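The chain contents come next:
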Amino acid sequence: LAEMVAELEGVEESLRLVQGRRGETMEMELVEGKAWTVDSREGSGETVRELKRALAGTAAGLPFMGEAIPKGWEQAREAVMGAFGQRMLVEKSEVESTVYG
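This one's a predicted model, so the numbers in the text were calculated from it and none came from an experiment. (Residues numbered from 1 in each chain as written. Predicted model: local features only at pLDDT ≥ 70, side-chain atom pairs only at ≥ 80, totals over all residues. Heavy atoms only, no water.)

## Some words on the overall build of the chain
Rules: Helix numbering and strand numbering both begin at the N terminus, where a helix is a DSSP run of H or I of at least 4 residues and a strand a DSSP run of E of at least 2. Summary of the burial criterion: residues with accessible area below 20% of their type's maximum are buried, those above 50% are exposed, and those between are partly exposed, where the area comes from a 1.4 Å probe applied to protein chains only. Residue contacts follow a heavy-atom distance rule, with two residues in contact if any of their heavy atoms lie within 4.5 Å.
Per the secondary structure count, the chain includes 4 helices and 2 strands. Expressed as a percentage of its 101 residues, the buried residues of the chain come to 6%. Nonlocal contacts in the chain, meaning residues at least 24 apart in sequence, comprise 12% of its contacts between residues at least 6 apart.

Below, the structure is given as C-alpha cells:
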C-alpha cells in the first residue's frame, strides 16, 4: 500500500509540473484535487457528466467569471479567431500583429 501511495504522489507531482514550449515550468492543479478518467467506449456517460460538473464548478470560482467583457476585448477575440480559426498554437507576435495591426 505504501508503494502505491508513493507512486500516486509521484504521478500527481508529474501532473502538476509540466514544461511549457520554452522550457519554463508551469504549475497545474488537479480539478477537485484528483485526476479524471473518462470511459469513451463502454461507459454510461456519467464520467463525462461528472467531469463537466467539476470543470464548471472550478471555472465558476475563477477571477472575473460572470463579469461583463469590454467591447474592445470582444472585437480582439473576433479578429484573432477569424485570422487563426482552429489552429492550436499561435505565436504571440502573430496575435499582436492581428490585434494591433
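There is more to say after this.
## Thoughts on the packing of helix α3 (residues 71-84) against helix α4 (residues 92-100)
Defined as follows: Here an angle of 0 to 180 degrees is reported between the N-to-C directions of two axes, which are lines fitted to C-alpha atoms, with helices fitted over the stretch in contact. Convention used here: angles under 35 degrees read as roughly parallel, angles over 145 as roughly antiparallel, angles from 65 to 115 as roughly perpendicular, and any remaining angle as oblique. Two helices that cross are described as forming a left-handed crossing if the nearer one is turned anticlockwise from the farther one by less than a right angle, and a right-handed crossing if clockwise. For this classification, Asp, Glu, Lys and Arg are treated as charged, while Ala, Val, Leu, Ile, Met, Phe, Trp, Tyr, Cys and Pro are nonpolar and the rest, including Gly, are polar.
At a minimum axis separation of 9 Å, α3 and α4 run at an interaxial angle of 120°. Comparing their axes, α4 and α3 come out oblique. The crossing of α3 and α4 is right-handed. Of α4, the residues touching α3 (which contributes A76, A79, V80, A83 and F84) are E94, V95, T98 and V99. Each residue belonging to the contact of α3 with α4 can be placed in one class, and the counts come to 7 nonpolar, 1 polar and 1 charged.

## With respect to unusual backbone geometry
Although it is not a glycine, F64 adopts a positive phi angle of roughly 75°. Note that F64 resides in the loop between α2 (46-60) and α3. Among the residues examined, F64 registers a relative accessible area of 66% and is labelled exposed.

## So, the pattern of salt bridges
Just so we agree on the cut-off: Basic side-chain nitrogens of Lys or Arg form a salt bridge, by our definition, when they fall within 4 Å of a carboxyl oxygen of Asp or Glu.
Counted by the stated rule, this structure contains 3 salt bridges. In this structure, R53 and E46 form a salt bridge, with 2.8 Å as the shortest nitrogen-oxygen distance. Connected through shared salt-bridge partners, E46, R49 and R53 make up one network.

## A few points about α3
Inclusion rule: Expected helix span is taken as 1.5 Å per residue step, with the number of steps being one fewer than the number of residues.
The first and last C-alpha atoms of α3 sit 20 Å apart over 14 residues, in line with the 20 Å expected at 1.5 Å per residue. With its phi angle positive at about 50°, G85 sits one or two positions after the end of α3.

## Comments concerning the environment of E78
Turning to its location among the elements, E78 is positioned in helix α3. On the accessibility criterion, E78 (48% relative accessible area) is partly exposed. Expressed as a C-alpha distance, the spacing of E78 and V99, which sit 21 residues apart in the sequence, is 9.5 Å.

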